[in-house]
2 protein chains.
Amino acid sequence: MALHLEARPSRLPSAPPLAGLSPLETEAVELFVGLAQVVGLPKSIGQIYGLLYISATPLSLDDITRRLDISKGSASQGLKFLRTTGAVRLGDENGSRCDRYQAETGLRTLATGFLKEQIEPRLSNGSDRLARLKRLAEMVPAEQREHVGQRVKQLESWHGRAATVLPLLIRLLGK
Amino acid sequence: MALHLEARPSRLPSAPPLAGLSPLETEAVELFVGLAQVVGLPKSIGQIYGLLYISATPLSLDDITRRLDISKGSASQGLKFLRTTGAVRLGDENGSRCDRYQAETGLRTLATGFLKEQIEPRLSNGSDRLARLKRLAEMVPAEQREHVGQRVKQLESWHGRAATVLPLLIRLLGK
DNA sequence: ATGACTGTTCAAAAAATATTGAACAGTCGG
DNA sequence: CCGACTGTTCAATATTTTTTGAACAGTCAT
């Protein structure tokens, strides 16, 4: 993710061309590019989702590459991610021969998919580390025994807190 | 942030040297490097915080560069970030002539600092975009009027939801 | 004032990540 | 079966982000 260790005048991404889009669409796409950056996803994914979100009709991969002016590869990968994450699905009224996508707009759906795919795996990885840390903490010189024990206990409490708060958070995001 | 669009065998960061550290410290550092990655911060920041977190005594910038084997520049910038974010503070028992740091360990403190510094600015940026989007939505061809209006309304509801949930979340992280 | 030490800054280098584009596999209609 | 079309994959490339290291500023003891 972009981290602003830098000076104050935090540079804006300096709006790219975004050729085939109406002003409304451009604005929507930029909005979602910003959101994507907040949660650490690539720009192209924000663009794709933003375009689908504002579009009144389902769009094909080809529509997307043309309007957004990105490569077929990017669009394909981006859609794949959005699909497996549940943020996008095949259009309802799908008549034509090629796949058309539309945005899934339930906040809970989006959040759940994102947490499941992006956060959960890393956290469970963290669990392993925590377990190993705990073992190591037991064989520490007496001098540090107390301090280290305290820290490990705290980490465990964090872990527990996270485990209860995350589901609750999803509930809060409501239907 | 690292995004795994890629194949299944999601490569692990392949543990670096981490010379001057005890096994316990190494484990703690790696744990926090992982956490840092989850929230999209550079590795060096995770390393620094992890080392301070597990250390029984406050450490100087020089201690940090030597033990972690990172450059003075990285350490200085990382500490700066951790300071302004409230994750680290000057040691209590500060006798010597150089600054020594220790980790701030309140979960709420950490979360608040992070949200304030990293998330809030981006979200307020998003507010501007949303306002502009709303204006554009009013001048849309009749055909799309309904759809676009619905989407804009939904975005506003998301925004409201976020505004209520974030503070609540901080409360949940407790004391 | 000088030299040793601590810490910051920032341009350049390195590393990590995202995007492209071309090769490929699959499908459909004729 | 062929050729046109849709979509995926992945190595090469481009871009972004992080890290380094050297120059610099400040402090302090002598």
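This text goes with the structure placed above it.
Visitor: Tell me what's going on with the protein's contact with DNA strand D, and back it up with residues and numbers.
Guide: By nearness alone, 22 residues border DNA strand D, and Ser-76, Lys-80 and Asp-99 of chain A together with Ser-44 and Ser-71 of chain B come closest of all. By atom count, sugar and phosphate contribute 69% of the portion of DNA strand D lying within 4 Å of the protein. The separation between a phosphate oxygen of DNA strand D and a polar side-chain atom of Arg-83 of chain A is 3.3 Å. Looking at the surface near DNA strand D, the elements that each hand over two or more residues are α4 (72-84) of chain A together with α2 (43-54) and α4 (72-84) of chain B. Of all the elements, α4 of chain A adds the most residues to the surface near DNA strand D, at six residues.

Visitor: Explain the pattern of salt bridges residue by residue, including any values.
Guide: In total, this model carries 18 salt bridges over all chains according to the counting rule given. The partner of Arg-129 of chain A in a salt bridge is Glu-27 of chain B, with the nearest N and O atoms 3.9 Å apart. With Arg-129 of chain A in helix α5 (residues 107-138) and Glu-27 of chain B in helix α1 (residues 23-38), the pair connects residues from two separate chains. Like Glu-27 of chain B, Arg-129 of chain A is buried. Salt-bridge contacts for Arg-67 of chain B lead to Glu-25 of chain B; the nearest nitrogen and oxygen are separated by 2.6 Å. One end of the pair, Arg-67 of chain B, is in helix α3 (residues 61-68); the other, Glu-25 of chain B, is in helix α1, with 42 residues separating them in the sequence.

Visitor: Any chance you could break down the interface of chain A and chain B for me, citing the residues and the numbers?
Guide: Contact residues are listed per partner, giving 57 residues for chain A and 56 residues for chain B. Between chain A and chain B the total buried area reaches about 5400 Å² when both faces are included, carbon and sulfur atoms providing 68% of it. In this structure, the salt-bridge partner of Arg-129 of chain B is Glu-30 of chain A, at a minimum N-O distance of 3.7 Å. Counting every contact that joins chain A to chain B gives 14 residue pairs in polar contact (both at pLDDT 80 or more). At the level of secondary structure, the elements contributing two or more residues to the side of chain A that touches chain B comprise α1 (23-38), α2 (43-54), α4, α5 and α6 (142-172) of chain A. At twelve residues, the largest contribution of residues to the side of chain A that touches chain B is made by α5 of chain A. Residues belonging to the side of chain A that touches chain B are distributed by class as follows: 37 nonpolar, eleven polar and nine charged.

What counts as what
Residues numbered from 1 in each chain as written. Chains lettered and ligands numbered in written order. Predicted model: local features only at pLDDT ≥ 70, side-chain atom pairs only at ≥ 80, totals over all residues. Heavy atoms only, no water. Near = heavy atom within 4 Å. Polar contact = N/O pair within 3.5 Å; in protein donor to acceptor, adjacent residues only side chain to side chain. Helix = DSSP H or I, 4+ residues; strand = E, 2+ residues; numbered from the N terminus. Salt bridge = Lys/Arg side-chain N within 4 Å of Asp/Glu carboxyl O. Buried < 20%, exposed > 50% of the residue type's maximum accessible area, 1.4 Å probe, protein only. Contact = heavy atoms within 4.5 Å. Buried area = accessible area lost by both parts, 1.4 Å probe. Nonpolar A, V, L, I, M, F, W, Y, C, P; charged D, E, K, R; others polar.

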